[in-house]
Structures are given as structure tokens and as C-alpha cells.
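# Observations on chain architecture
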Amino acid sequence: MLINLADSYFSAANGGIDLEEMNENDPLVVLIHGAGMDRTVWFQQTRFLSHHGYRCFAVDLPAHGGTEGPPLETINEMADWISSIIERLGGPAHIVGHSMGSFIALATAANHPDSVLSATLIAVAEGMPVHPDLQTAADENLPKGASFIAGWGHGPDQHIGGNPTPGLWMIGGATAVVENSKPGILSLDLSICSSYDETLLQAQSVKCPTTLILGSRDKMTPRRAAQPLIDALPNPTVVDLEGVGHMSMTEAPEEVRQVLVSNFSNI
Amino acid sequence: MVEPDAHKFDTKSLHAGQRPDPVTGSRAVPIHQTTSYVFDSVDEAAALYNLEVGGHIYSRISNPTVAVLEERIAALEGGVGAVCTSSGMAAFHLAVATLLNTGDHIVSSQNLYGGSHNMMTFTMPRFGISTTFVDPHEPQSFLDAANENTKLFYAEVLGNPGIEVLDIEAIADAAHSIGVPLVVDATFATPYLIRPIEHGADVVIHSLTKFLGGHGIAIGGAVVDGGRFDWAASGKFPTLSEPYDGYHGIVFTDEFGPQALSMRARAEGLKDFGACMSPSNAFYLLQGIETLPLRMQKHVSNTHSVLDLLDRHDAVEWIRHPDHPSHPDHELAKRLYTKGSGAILSFGISGGREAGKKFIESVELASHLANVGDAKTLVIHPASTTHQQMSAEDLLTAGIGEDLIRISVGLEDPADICADLDRALKASQR
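Calculation rules
Here, residues in each chain are numbered from 1, in the same order as that chain's written sequence. All chains are assigned letters beginning with A, and all ligands numbers beginning with 1, in the order in which they are written. This being a predicted model, a pLDDT of at least 70 is required before a residue's local features are given, and a value of 80 or more before pairs of side-chain atoms are given or counted; all residues contribute to the totals for chains, interfaces and linings. These domain boundaries are the output of an automatic or database domain assignment. Placing a C-beta atom from the backbone of each residue, one calls two residues in contact when those atoms lie within 7 Å. Runs of E in the DSSP output that reach at least two residues are strands. Runs of H or I that reach at least four are helices, and both are numbered from the N terminus. Note on residue classes: Ala, Val, Leu, Ile, Met, Phe, Trp, Tyr, Cys and Pro are nonpolar, Asp, Glu, Lys and Arg are charged, and everything else, Gly too, is polar. Whether two strands pair comes down to DSSP finding at least two bridges between them. Between N-to-C directions, angles span 0 to 180 degrees; the directions come from axes that are lines fitted to C-alpha atoms, helices contributing only their stretch in contact. Roughly parallel here means an angle under 35 degrees, roughly antiparallel means over 145, roughly perpendicular means 65 to 115, and every remaining angle is called oblique. Crossing handedness: left-handed means the near helix sits turned counterclockwise from the far one by under a right angle, and right-handed means the same turn made clockwise. Residues with at least 20 neighbouring C-beta atoms inside 10 Å of their own are called buried, those with 12 or fewer are called exposed, and the rest are partly exposed, where every C-beta is derived from the backbone. For every residue, the pLDDT score states the predictor's confidence, bounded by 0 at the bottom and 100 at the top. Working definition: the nonpolar core is a set of buried Ala, Val, Leu, Ile, Met, Phe, Trp, Tyr and Cys residues, joined through C-beta atoms within 7 Å.

## Notes on the domain arrangement of chain B
All names here are of chain B. For chain B, the assigned domains read domain 1 (11-288) and domain 2 (292-428). Just the C-alpha atoms count here: the centres of domain 1 and domain 2 sit 28 Å apart. At the interface, 26 residues of domain 1 touch 37 residues of domain 2. Contributing elements (two or more residues each) for the side of domain 1 that touches domain 2: helix 5 (114-123) and helix 8 (190-193). Looking at side-chain class alone, the side of domain 1 that touches domain 2 contains 11 nonpolar, 12 polar and 3 charged residues.

Shown next, in the form of C-alpha cells:
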């Protein structure tokens, strides 16, 4: 659906519930996608949360998915945008970010503490260096960029399959999401990720509860690369998912749903 | 530049979609011969019914054995998902019924399997869906035939029975230029020989009964969702981009993005129309796919042996196979089908209909039946069988003369296949 924001609109999935029918007393949840992706990477969580007592919105960042407008060029700009979304939707909110989205969630929690009830960071690390071949493929808008992300982004189990949603091929789904992104967006997002070096600084400013969901087989943000951030955050909860790669929302959807609901209900 | 991290085609043929059973350790795919699945709780049942979580409810909608086959086909084709059906025709119908409504229009290649031609000519009009048939060699012919109600372009990547080669990218570009998808039937090719999604096709239909199964023991079909077509931006597909009351106002493109077609085809199409695949058939078809790469190599090499025989035979008037230099699409085939363009060929027999009849009745190793893609060599006379519902004019348009014999080249020793065909050809001339 498209939701008005000032003089423009943003796109979000919310389980198909009319905004007018939502209970304003239900906790607000905002899901933030990663580089070159869009709201639909959360399809295993969005609809479930929306029908289980949350006002859940998986948003498309500007120039991603169904949201128009020029792309934002820094993590802090994206955090400001998320804060405005939260205000529009009647926040504060539990925010959940994946990969680049976890940087955005962290920055939102640090820069806009009144907007955030909790921050869950999925597939996060102190920094996100980007393989030069991936950056080159993205710069040239080659389909190979999507294949790199889908290939490195999933643990070994999902390279075989066994999707909990019958008939869907997870690697193919991730490839298509990234391939379908607008030209130049993946390139920009990746360069934003690789140049972002404020995680430890931001972590010191975070006051809300934080949870990190980390896959043991994550090649893009390896488990060990999250440790400096874990050490810098005040009392984070760390959930390690064995055998899971970079895409735990789709690779381990039930585990992620359980962690989110458990965290939200404890706050 | 490094290569993306992904299993190769042969590995996917064996493994995609199935990890060993966590309870029993079963290495082979188990046959889940069950109609239904126990829910852990009322809440879980409600979440499954409301598409909030993935899982199985009832085997008309999904089944664990069938799901392995669906993932495997999607992986081999490079799609985002697949929905298996009771037959290839059911797959074609599922794709059309998921995307189109009364009043909609299809532009289709005229060179088709007779059953598909029949469905679009006689059956779909009863439901208000019309079709215009065009020459698949001309992208402009598709565009010229399109109107404001056109919702998809349809073609076979290798036509039946003339084995016309579709320039997938050209037709896809034409379709996309007017905001509609290209749906292709890739039964004759299999993903081993070509993966149409990589060339721009949006949906791939298969009769799994043929080369993918390969053994001629199980009927089945599949709709493969390419996941690249922007259904919402097109504005022509309300079944995917507008609220569906059948699931409390769900908008499939909002929720599932590139998997919207897969999800709607299952949630509505299998649920309401019910043309599901049985778990036993899925198991049989999986056994075939495990050896697809090896079989297709042999099918193609045997086909080349048969082409050599026909090429020098006095009883043969003409040969129709894209790997043969006489085929009008030979150059296109060389570009698109680097591993060969399949194992189905046709030829014209000297002496026309009577000689054709003698040939069919003289083969001893090859089987005369209405199928293709079996491990065994098959022969048929289309004008009197598979395409017999077509008028003389339509037969001519589709390039099916009374002298046309179709061969589906099997996996027997090529010397034995050629000896049998040679004997029957000689007999046909007496």
C-alpha cells in the first residue's frame, strides 16, 4: 500500500489491513530492508505480526520497491527518514533492520531515541566491507550482482532448499528481489554500507533494548565481525542461529518471528 | 571476477529442494502419501490458512513431496517458485486462470501442441478469454495482434511439431513493451537445454510428463514463476495487485513481491480448481529429474544420429529439426541451444499419407503412441492424432502436412534406433 508522508508517499506491506481498521493501541513495528532489497524480504514476518496484535509495516526505503523519490545517500539520512515514518504511523516503534537496514535501525535508535522502543539488528557487524567484484557488478547493473548477494547471502542449507513456504525457491526469490531493484540502487546502497564507520559511536548512544540476530554461516557479515558492536552496545541480547546465513528472516522465519514477538512482549 | 556462490545444474538436479529427512535420515525423497497435516495449535492453523506462515494444510494445496519437486524445478529454471499440477495442460490452465479474467485476450504463437491450441480456440472462449494466433517468428505480429485487453503473449520455445525456435528475448521485449508478460511452454527443451527466464520470459510452463520425468510413467505439469515481471506496475493484473477477498483483502504483490504469481496460483488456483499433483507422481518425476542432464545429452546425441540417417535416406523428402542446416531457425538454434535443440524432430515421407501409415506400422523398436520425451523412441502421425481437431487450414498454417512424421528420439543404442527407422522407411516405399 501507499501511505502519504508530507507531500509524498511511501510504500509498505502491512498484512493487507486497512489503516483505519488498525488498533492504535497495538504496538508499532517497522521493518527495514537491506541493500538493493525491498519490503517483501519480510513476507515471513509482516503478515504474521500484523495479524498478531501489532501494527507492522515493512517499508520500502526511498527509490526502493514501490517508494518513489530520489535515493537517500547516507545511513543517517535514512535514519531520519525512518524516524519521520514512525512519527507518521503513530510511534514510537519497535524497529527491525536487516543488513544495511540494521545500520539504519541502529542510527535511528541513536539519533532519534524518542522514536524507538527497541531495535533488532539482523545480520549486522561493526562494518560491512563489500567484495570488489560485487561492487563492480552492482556499479555496472549486472545481474551477477544479485547472484552474488543471493549466493553469499544464504547458508548451505538453503543452497539445497527446503523452503518452509511450499514451492518457493529461496535463492531465486532473493535474486529476483535484487535484480528487480532500480538501476544504480544496489551500487549506491553497497557503497553506503562499505563506507559507514559509525556503528561503534552510534552504539554508545543507544538507550533502548537491542537484540542482534546473527547467523553462524553468514558470509556477508560474519559472526565474528559483530563482536565489537556487541561489546559496544549496552546489554544487548544476542541470538545466534546455527547454520543460518545472512538472510535469517527467510532462512529461519519461525525463529525470527519467535525472537521478535518475545522481545516486543517483554518491553 | 569471482563466480557467484551456487550449485551447478547437475547438482541441483539431484539435490535442490530436499535435505535428508531430519527424523528418519531418509536420503531419498519420502512419499508423503497423506491428505492432511496435524496443526500444532489453533493459532498455527489460523496463521497457515491466512498465509501468515509457510507450511502444509491439505495436499490439494501443497504436499511435502510435491514441494521438493516444485523447488527443484524452480531452481533448475532460475525462477522464484513453481506450482506443480496434475498435468501440463492443467499447468497452462492454472497460469491463464490466475492471470486473466473474462474479456481478456491472449496473443499466441500458432505453432503449438494441439491440446493447447484447442484450449485457446474452443475452451477458453466459453469463459470469455479469446486468442489471436500469429507467426512466432515475427515479434511485430504479436504486437499487431494485441489490443487493449491483451494480457499475455504465449509461445512454445520449441514449437510442436515443426520445432520452430522461439527468439525468446525478441518476443519478451515485444510483450514487455506493452506491459504484458511472455509465458512460454518449454516442455521440449527442459531447463537443461534452455532456461527461458534468463532470456526474458516471465512464466515457464512444463509438461513434466515428457523429458523432465523421462520415463513415461507419470503425468504432471508445472508453472514456474520467473519473478521479474512487475505485475503492479503493469496495472493489468488485478488478481495480483488488487485486494483479494478470498484472503481478507490480501494484495499478493504487496505481500509477496516477486513471488506474487506463485502464491496466488497456489492459494487460489490449486485450492479452488484443484488440479493438484499426487505425491506419488511427484516422487516418480523426481527420479527422472535426477538424471536429466545425462539423459538429455544422450537424447541429443541420438537425435543427431537419426538426423544423419534421415539426411541420406531416399524415402525422406525433408527434415525438420533446428540442429539440421535446412531448418529455417538453424542459426537462431545455434545461438540459443548450445547443447542441442532437443530430441523431437519431424520429417516428410515420400509417398505422403499412405507411406506415412506404412512407416508407422512398420517400426518394431519405436512405439506408436501419443507422447514425447520418453526414454523410449516414439513415433506418431500428427495429422491423424495429436492435431486432428485442427482444420485443414489450421494444419497448413501450423506446418503440419499429411506426410509429416514426428519422432521423439529415445535413449536406446543409436544403431538400433537407426536400424529400426531405416527398415520402416524402406517398407513404406514398397
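## A short note on the interface of chain A and chain B
Contacts between the two partners involve 37 residues from chain A and, on the opposite side, 46 residues from chain B. Taken together, the elements giving at least two residues each to the side of chain A that touches chain B come down to helix 1 (43-50), helix 4 (132-139), helix 5 (143-153), helix 6 (156-160) and helix 7 (170-179) of chain A. Grouping the amino acids of the side of chain A that touches chain B by side-chain chemistry returns 14 nonpolar, 17 polar and 6 charged.

## Examining unusual backbone geometry
Residues and elements named next belong to chain A. Omega for the bond connecting Gly91 with Pro92 falls within 30 degrees of zero, at 15 degrees, which places this linkage in the cis form. Considering the arrangement of structural elements, one finds Pro92 in the loop between helix 2 (75-89) and strand 5 (93-98). Positive phi outside glycine occurs at Asn235, with the angle close to 50 degrees. Here Asn235 shows up in the loop between helix 10 (227-232) and strand 8 (237-241).

## Quick notes on the sheet that holds strand 6 (residues 203-207) of chain B
Residue and element names in this part refer to chain B. Taken in spatial order, the 7 strands of this open sheet run 1-7-6-5-4-2-3, and their pairing is mixed. Each having just a single partner strand, strand 1 (81-85) and strand 3 (130-134) make up the two edges of the open sheet. With strand direction ignored, the average angle separating the axes of adjacent strands in the sheet is 20 degrees. Of the pairings in the sheet, the one linking strand 2 (residues 105-109) to strand 3 comprises 5 bridges and is parallel in character. Counted as the bridge partner of Ile106 is Thr131 from strand 3. Those strands touched by helix 3 (residues 64-77) are strand 1, strand 6 and strand 7 (221-225), and its axis lies near 130 degrees from that of strand 1.

## Section: the packing of helix 1 of chain A against helix 12 (residues 253-265) of chain A
All names here are of chain A. Packing of helix 1 against helix 12 brings their axes to within 9 Å, and their N-to-C directions diverge by 45 degrees. On the basis of their axis angle, the class for helix 1 and helix 12 is oblique. Read as a crossing pair, helix 1 and helix 12 show a hand that is right-handed. When helix 1 is examined against helix 12, the residues Gln44, Gln45, Phe48 and Leu49 are found in contact with a partner set consisting of Pro253, Val256, Arg257 and Leu260.

## Quick look at the sheet that holds strand 10 (residues 367-368) of chain B
Working definition: the strands of a sheet are paired by backbone hydrogen bonds and lie parallel or antiparallel to each other. All names here are of chain B. If you trace the 5 strands from one edge of the open sheet to the other, you get 8-9-12-11-10, paired in mixed fashion. What marks the edges here is a single partner per strand, and that holds for strand 8 (316-320) and strand 10. Where strand 8 and strand 9 (residues 344-349) come together, 4 bridges link them in antiparallel fashion. When the bridges of strand 9 are listed, Arg320 appears paired with Ser346.

## Quick look at helix 7 of chain A
Counting buried residues along helix 7 of chain A, 10 of its 10 residues qualify, which places the element largely inside the surrounding structure. Within the span of helix 7 of chain A, buried status applies to Met170, Ile171, Gly172, Gly173, Ala174, Thr175, Ala176, Val177, Val178 and Glu179 of chain A. Where helix 7 of chain A is buried, its residues contact helix 5, helix 6, helix 8 (185-195) and helix 11 (248-251) of chain A together with helix 3 of chain B.

## Here's the deal with the confidence of the model for chain B
Looking at chain B as a whole, the pLDDT averages 95, with 99% of positions reaching at least 70. Confidence metrics for the complex model read pTM 0.96 and ipTM 0.96.

## Considering the nonpolar core
By size, the foremost hydrophobic cluster in this structure holds 215 residues, and its most contacted members are Val30 of chain A together with Phe153, Val184 and Val223 of chain B. Sorting elements by how many residues they give to this core places helix 4 (residues 88-99) of chain B first, with 9 residues. When residues of this core are assigned to domains, at least three fall in each of domain 1 (11-288) and domain 2 (292-428) of chain B. If sequence neighbours within four positions are ignored, Phe153 of chain B has contacts with Val107, Phe142, Ile171, Ala174, Ala175, Val180 and Leu182 of chain B.

## Here's the deal with the environment of Ser87 of chain B
Residue and element names in this part refer to chain B. Tracing the backbone shows Ser87 in the loop between strand 1 and helix 4. When the 18 C-beta atoms within 10 Å are taken as the criterion, Ser87 is described as partly exposed. Here the alpha-carbon distance between Ser87 and Ser207, two residues 120 residues apart in the chain, equals 6.4 Å.

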